[in-house]
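One-letter residues, chain by chain:
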Amino acid sequence: MNEYDSALIAGLLEGAGLRISKNIEEADFLFYNTCSVREKAEETAIAKISQSRPLKQKNKKLKVIVLGCMAKNKGEQLFEKLPFIDHVIGTDHYRQIPEIVLGAKANERVFTDFDEKENYDGTYAQIQNPFSTSITIQRGCNKRCSYCIVPYVRGNEKNKDPLDILAEVQMSVEKGISEITLLGQTVNAYKKDGETFASLLEKISEINGVKRIRFVSPHPRHYDDELISVLQSNSKICHHVHLPLQSGSDTILKKMRRQYTAEHFLSLIEALRSKDPFYAVTTDIISGFVGETDSDFEKTLEVVKQAQFDNAFMFIYSPRIGTESYLEKEILSQEQKLLRHQQLVEIQNQITSNRSQNMLGRVEEILVERPSSKDPREWMGKTDNFKKVIFKPTSTVSPGDYLTCKINEIRGWTLRGEVLS
Ligand code: SAH
Ligand code: SF4
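Note that the coordinates shown come from a computational prediction; the quantities given were computed from them, not determined experimentally. (Residues numbered from 1 in each chain as written. Chains lettered and ligands numbered in written order. Predicted model: local features only at pLDDT ≥ 70, side-chain atom pairs only at ≥ 80, totals over all residues. Heavy atoms only, no water.)

Please clarify how the overall build of the protein should be interpreted in this entry.
Scanning the protein for helices and strands turns up 14 helices and 19 strands. Relative to a compact globule of 421 residues, whose C-alpha radius of gyration would be 22 Å, the protein shows 22 Å and is just as compact. Classification of the 421 residues of the protein by burial places 53% in the buried group. In the protein, once contacts between residues fewer than 6 apart in sequence are set aside, the share between residues at least 24 apart is 71%. Of the roughly 19,800 Å² of accessible surface on the protein, 50% is carried by carbon and sulfur atoms. Charge separation in the protein, taken as the distance between the mean sites of 57 positive and 58 negative side-chain charges, equals 4 Å. (Helix = DSSP H or I, 4+ residues; strand = E, 2+ residues; numbered from the N terminus. Rg over C-alpha atoms; globule rule 2.2 N^0.38 Å. Buried < 20%, exposed > 50% of the residue type's maximum accessible area, 1.4 Å probe, protein only. Contact = heavy atoms within 4.5 Å. Areas by Shrake-Rupley, 256 points an atom, 1.4 Å probe, with all protein chains shown as cover. Lys, Arg positive; Asp, Glu negative; His and termini not counted. Charge placed at Lys NZ, Arg CZ, Asp CG, Glu CD.)

It is not clear to me how helix α12 (residues 262–273) should be interpreted in this structure. Could you clarify?
Residues separated by three or four positions in an α-helix point in the same direction, a consequence of the helix having 3.6 residues per turn. Counted at 1.5 Å a residue, the expected span for α12 with its twelve residues is 16 Å, and the 17 Å between its end C-alpha atoms agrees. For α12, the full list of buried residues reads A262, F265, L266, L268, I269, L272 and R273. Projected down its long axis, α12 carries its buried residues within an arc of 150 degrees, all on one side. When the buried face of α12 is taken as reference, the exposed residues oriented beyond 90 degrees from it are E263 and E270. The secondary structure elements touched by the buried residues of α12 are α10 (225–233), β12 (240–242), α11 (250–255), β13 (280–287), α13 (294–307) and α14 (334–357). (Expected span 1.5 Å × (residues − 1). Arc of directions from axis to C-beta.)

Just checking my understanding: could you explain the sheet that holds β13 for this structure?
Two strands in a sheet stick together by hydrogen bonds in their backbones, pointing the same way (parallel) or opposite ways (antiparallel). If you walk across this open sheet you meet the three strands as β12-β13-β14, and the pairing is parallel. Each of the sheet's edge strands pairs with one partner strand only, and the pair in question is β12 and β14 (311–316). When the angles between neighbouring strand axes are averaged without regard to direction, this sheet yields 10 degrees. Across the face of the sheet, α14 comes into contact with β13 and β14 while running at roughly 175 degrees to β14. (Pairing = 2+ DSSP bridges. Axes fitted to C-alpha atoms, helices over the stretch in contact; angles between N-to-C directions.)

Before we go on, may I ask you to explain a nonpolar patch on the surface in this structure?
Judged by side-chain polarity, I321, Y326 and L327 come together as a nonpolar surface patch covering roughly 370 Å² of accessible area. In this structure Y326 comes out as partly exposed when scored by relative accessible area, which is 38%. (Patch = residues over 30% accessible without salt bridge, like charges linked within 9 Å, V, L, I, M, F, W, Y side chains within 5 Å. Salt bridge = Lys/Arg side-chain N within 4 Å of Asp/Glu carboxyl O.)

What is the right way to look at the domain arrangement of the protein in this model?
How big an interface is tends to be stated in terms of accessible area lost as the parts join. For the protein, the assigned domains are domain 1 (2–111), domain 2 (132–357) and domain 3 (363–419). Computed over C-alpha atoms only, the centres of domain 2 and domain 3 are separated by 26 Å. Tallying the contact residues gives 18 residues for domain 2 and 14 residues for domain 3. Our enumeration of links across domain 2 and domain 3 arrives at two salt bridges. A salt bridge links K211 to E365; the shortest N-O distance between them is 3.8 Å. Linking domain 2 to domain 3 there are ten residue pairs in polar contact (both at pLDDT 80 or more). Of all the secondary-structure elements, those providing two or more residues to the side of domain 2 that touches domain 3 are β11 (212–216) and α14. Among the elements that make up the side of domain 2 that touches domain 3, the one with the highest residue count is α14 (six residues). (Domains from an automatic or database assignment. Polar contact = N/O pair within 3.5 Å; in protein donor to acceptor, adjacent residues only side chain to side chain.)

Even after reading the chapter, I still don't get helix α8 (residues 162–174), so can you show me in this structure?
With 13 residues, α8 extends 18 Å from end C-alpha to end C-alpha; this agrees with the ideal 18 Å at 1.5 Å per step. Among the residues of α8, those classed as buried are P162, D164, I165, L166, E168, V169, S172 and V173. For α8, the side-chain oxygen to backbone nitrogen distance between the N-cap and L163 is 2.9 Å, and the N-cap itself is D161.

I'm lost on the packing of α8 against helix α9 (residues 197–205) in this one. Help?
How two helices sit against one another is set out by the angle between their axes and by the gap between those axes. Where α8 meets α9, the axes come as close as 10 Å, and the angle between the chain directions of the two elements is 30 degrees. When the axes of α8 and α9 are compared, the pair comes out roughly parallel. The element α8 and its partner α9 pack so that their crossing is right-handed. Across from P162, I165, L166 and V169 in α8, the residues of α9 making contact are L200, K203 and I204. Of the residues assigned to the contact of α8 with α9, the class counts are six nonpolar, no polar and one charged. (Parallel < 35°, antiparallel > 145°, perpendicular 65-115°, else oblique. Left-handed = near helix turned anticlockwise from the far one by under 90°. Nonpolar A, V, L, I, M, F, W, Y, C, P; charged D, E, K, R; others polar.)

Just checking my understanding: could you explain the packing of aromatic side chains for this structure?
By convention here, two paired aromatic rings are described through the distance between centres and the angle between planes. Under the defined criterion, the tally for this structure stands at seven aromatic pairs. With a centroid separation of 6.1 Å and an interplanar angle of 85 degrees, the aromatic rings of Y147 and F289 are classed as edge-to-face. Placement of Y147 in the loop between β6 (138–139) and α7 (150–154) and of F289 in the loop between β13 and α13 is noted, with a sequence separation of 142 residues between them. As far as the burial class goes, Y147 and F289 line up, both buried. With a centroid separation of 5.1 Å and 75 degrees between ring planes, the pair formed by F289 and Y317 is classed as edge-to-face. Of this pair, F289 sits in the loop between β13 and α13 while Y317 sits in the loop between β14 and α14; the two residues are 28 residues apart in sequence, bridging distant segments of the chain. A relative accessible area of 1% means that F289 is categorised as buried. Its relative accessible area of 3% is what places Y317 among the buried residues. When the ring centre of F114 is taken as origin, the NZ or CZ atom of K72, which lies over that ring, is 4.4 Å away. (Phe/Tyr/Trp six-rings, centres within 6.5 Å; stacked < 30°, edge-to-face > 60°. Lys NZ or Arg CZ within 6 Å of the ring centre and 35° of its normal.)

Sorry, what's going on with the packing of α10 against α12 here?
For the pair α10 and α12, the least separation of the axes is 10 Å and the interaxial angle reads 35 degrees. The two elements α10 and α12 cross, and the hand of that crossing is right-handed. Of the residues in α12, those in contact with I228, L231 and Q232 of α10 are L268, A271 and L272. Residue composition of the contact of α10 with α12, grouped by class: five nonpolar, one polar and no charged.

In this structure, what is going on with the pairing of strand β16 (residues 379–382)? I would like to understand it.
Note on strand geometry: in a regular strand, side chains alternate between the two faces of the sheet. Burial of the side chains of β16 extends over both faces: W379 and G381 are buried on one face and M380 and K382 on the other. Bridge analysis of strand β15 (residues 363–371) against β16 gives four bridges, and the strand direction is antiparallel. Looking across to β16, one finds that P371 is bridged to W379. Here β16 runs beside strand β17 (residues 388–391); their pairing, made up of four bridges, is antiparallel.

What follows is the structure, given as structure tokens:
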């Protein structure tokens, strides 16, 4: 989502006459788009922003601008912590950036808070690469998961006008894009002007030039029969879902205010894989949530084994000021949390490897992305179910091409393929 926002801001700035500088030493403006979801993300952002201090000493005209979730979360405190910062602009004021940085009051410090009405209708992000782009269809979040800072830094849910979304898809395919990824914090809860998420998916799939549709992140609570049937029947919607589990214990899920049970979660995976056992499911899991007992954690491990995720982002619980669970006293030490995390990673890594092994011998359509970083004679592309495949091209290839490959080797988690056509 931040990458999309950065591309949106880049477009707005280019429209105002600015250009991306190739060399940080020559830049007149440095924009830092930040994340707050875990404390580590904010620490990383602060460390990076701090690196601009010597640049500012060399170039007195240089302006440093902090954007994104940390801009809202830390607000004007950032001016105290890092006094060389010029502006702090939260997620609802990107349209105003050219005016803030170039306008008559450019030398006055600006901090911007929420604007509940801003939905970025009529603005379009720059294309992020020549064959694939993301489109934010929903900003903010109406859930209040007890550990999560997102609603406090991005505000309530705002769904983008469906006509605007379809226009952005149309503009993208006219520039050669064939893969569209729809973004939202609970993307499948999308509803606007009579359009549901399922009907929006169908309309996007009818646009000529769209070959692959992806979306992230759906919420387990917001699947209905209509959506499941569209996901299974529409051939342009990829067979991969990133479906965050968070915990396998119903007690913890309740404390997290996630609004589903482990059983419901597993039933969704079963429904998706009922017609295609290779349907890829990836997830997010938090270990060491406040109040998580040994037996709660065992339940998470059990669900992980049953779910057979293709991959997972696994996080150690990070208490965030302002959230409900921050108020509860933690009992687990950092070492205990880390130990659980490591146990989970070990089990999931084995499952990830098995899921990759299962792909051996299959014939897959690959969307070509780029030359491999290890060996430029080899290229990397992705299957419909989001697996990376390394292959040696038999003739000239370009990013955005579709090739048919036979998966003939698995090294670790990496699939290797032979080009058939
Ligand atoms: N909207 C998505 C999640 C967005 S945040 C959803 O509801 O599934 C991305 C991931 O960060 C979450 O899925 C969660 O696993 C992790 N996360 C969020 N807050 C966290 C916290 N306080 N500590 C650790 N991980 C957290
Ligand atoms: Fe955070 Fe929950 Fe909203 Fe996801 S659904 S962004 S985890 S509050």
